[in-house]
Amino acid sequence: MNAWTTAATALLLCGVAPAGWGTATGPVGRRVIAQNATTTALALVVLLLAQGFARPAYQDPALVLAVLGPAGTLLYARLLAERLAAGPPPSHALRAVTGLNYVAVVAVVVPLAVTAGPGRAMVKLLVIGGLLALGSAVAGRAVAAAGEAGHGPAAHRTTAHE
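From a predicted model like this one, the values you see are computed outputs, not experimental measurements. (Residues numbered from 1 in each chain as written. Predicted model: local features only at pLDDT ≥ 70, side-chain atom pairs only at ≥ 80, totals over all residues. Heavy atoms only, no water.)

### Side note on the overall build of the protein
The helix and strand tally for the protein stands at 6 helices and 0 strands. Ordered by position in the sequence, the α and β elements of the protein form the string α-α-α-α-α-α. The buried share of the protein, taken over its 162 residues, is 36%. A sequence separation of at least 24 residues applies to 75% of the contacts in the protein between residues at least 6 apart. Only carbon and sulfur atoms are counted for the fraction: they give 70% of the accessible area of the protein, which is about 9100 Å². One finds the centroid of the 10 positive side-chain charges in the protein at a distance of 11 Å from the centroid of its 4 negative side-chain charges. (Helix = DSSP H or I, 4+ residues; strand = E, 2+ residues; numbered from the N terminus. Buried < 20%, exposed > 50% of the residue type's maximum accessible area, 1.4 Å probe, protein only. Contact = heavy atoms within 4.5 Å. Areas by Shrake-Rupley, 256 points an atom, 1.4 Å probe, with all protein chains shown as cover. Lys, Arg positive; Asp, Glu negative; His and termini not counted. Charge placed at Lys NZ, Arg CZ, Asp CG, Glu CD.)

Written out as structure tokens, the structure reads:
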């Protein structure tokens, strides 16, 4: 084991496992937030393992997770909007997880980019990191909006077909 695989193992045990547990159990608000954290942490684990095993091609699954993870969170937020509105996630938890995602992305991607040096590999790492950070921000806003959708005067109006 080298330092990269050790860091990947630590992130897997301390980041992915608890977030995965949060995704699988509890109220919907917590599950959607934890799903966002799980995909970010899992993509970072894959990046660390790619460096640890010296296999740049292993970065491709991290790129796929960086694109599809936030898309999954957006889909869940849309499909579960009514349940999120009935029991919205705490805004402080949502902000904390989003901030933690930002810190984790910077803590992993910057050392990997420095190690890769200038070139195509560094650009790919920075793109993946940017997608993870942007995806976390967009997914966090979507979850917050879905949680707020059931509040306010517009939510209590009746329509002609009711």
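From this point on, the discussion continues.
### Looking at the nonpolar core
Among the nonpolar cores identified, the biggest contains 19 residues, and Leu44, Leu47 and Leu132 are the most heavily contacted of them. Of all the elements in the fold, those that place two or more residues in this core are α1 (3-24), α2 (28-52), α3 (59-79), α5 (91-116) and α6 (120-148). In terms of residue count, α2 provides more of this core than any other element does, 7 residues in total. Residues contacting leucine 47, with those up to four places away along its chain left out, are Gln59, Ala62, Val109, Leu112, Leu125 and Ile128. Membership of the second largest hydrophobic core comes to 8 residues, among which are Val28, Ala77, Leu94 and Ala146. (Core = buried A, V, L, I, M, F, W, Y, C linked by side-chain atoms within 4.5 Å.)

### A short note on the confidence of the model for the protein
Across the protein, the average pLDDT comes to 87, with 91% of residues at or above 70. Between residues 152-162, whose pLDDT stays under 50, and residues either more than four places distant or in other chains, the model counts 4 contacts. (pLDDT = per-residue confidence, 0-100.)

### Things to note about α5
When the terminal C-alpha atoms of α5 are compared, their 37 Å separation across 26 residues agrees well with the 38 Å that a helix rising 1.5 Å per residue should span. Along α5, the residues that are buried comprise Leu94, Thr98, Asn101, Val105, Val108, Val109, Leu112 and Ala113. Close packing links the buried residues of α5 with α1, α2 and α6. Glycine 117, located one to two residues past α5, shows a positive phi value of around 75°. (Expected span 1.5 Å × (residues − 1).)

### A word on the packing of α1 against α2
Contact pair α1 / α2: the axes reach a minimum separation of 8 Å and the direction vectors enclose 165°. In terms of orientation, α1 and α2 fall into the roughly antiparallel class. When you trace α1 past α2, the crossing you get is left-handed. Each residue belonging to the contact of α1 with α2 can be placed in one class, and the counts come to 16 nonpolar, 9 polar and 2 charged. (Axes fitted to C-alpha atoms, helices over the stretch in contact; angles between N-to-C directions. Parallel < 35°, antiparallel > 145°, perpendicular 65-115°, else oblique. Left-handed = near helix turned anticlockwise from the far one by under 90°. Nonpolar A, V, L, I, M, F, W, Y, C, P; charged D, E, K, R; others polar.)

### Re the packing of α2 against α5
What describes two packed helices is the angle between their axes and the distance between those same axes. Where α2 contacts α5, the axes come no closer than 10 Å and their chain directions differ by 10°. When the axis of α2 is compared with that of α5, the two are roughly parallel. For the pair α2 and α5, the contacting residues are Ile33, Asn36, Ala37, Thr40, Leu44, Leu47, Leu48 and Gln51 in the first and Ala93, Leu94, Val97, Asn101, Ala104, Val105, Val108, Val109, Leu112 and Thr115 in the second. Residue composition of the contact of α2 with α5, grouped by class: 13 nonpolar, 5 polar and no charged.

### Brief notes about the pattern of salt bridges
Here the idea is simple: oppositely charged side chains can pair when their charged atoms come close. Per the stated rule, a full pass over the model turns up 1 salt bridge. Here lysine 124 and aspartate 60 are joined by a salt bridge, their closest N and O atoms 2.4 Å apart. Linking lysine 124 in helix α6 with aspartate 60 in helix α3, this pair joins segments that are 64 residues apart in sequence. Residue aspartate 60 is classed as partly exposed on the basis of its relative accessible area, which comes to 35%. (Salt bridge = Lys/Arg side-chain N within 4 Å of Asp/Glu carboxyl O.)

### Structural notes on α6
Over its 29 residues, α6 extends 42 Å from the first C-alpha to the last, a length consistent with the 42 Å expected when each residue adds 1.5 Å. Within the sequence span of α6, burial applies to Leu125, Ile128, Gly129, Leu132, Gly135, Ser136, Ala137, Ala139, Gly140, Val143, Ala146 and Gly147. If you follow the buried residues of α6, they end up packed against α2, α3, α4 (81-86) and α5.

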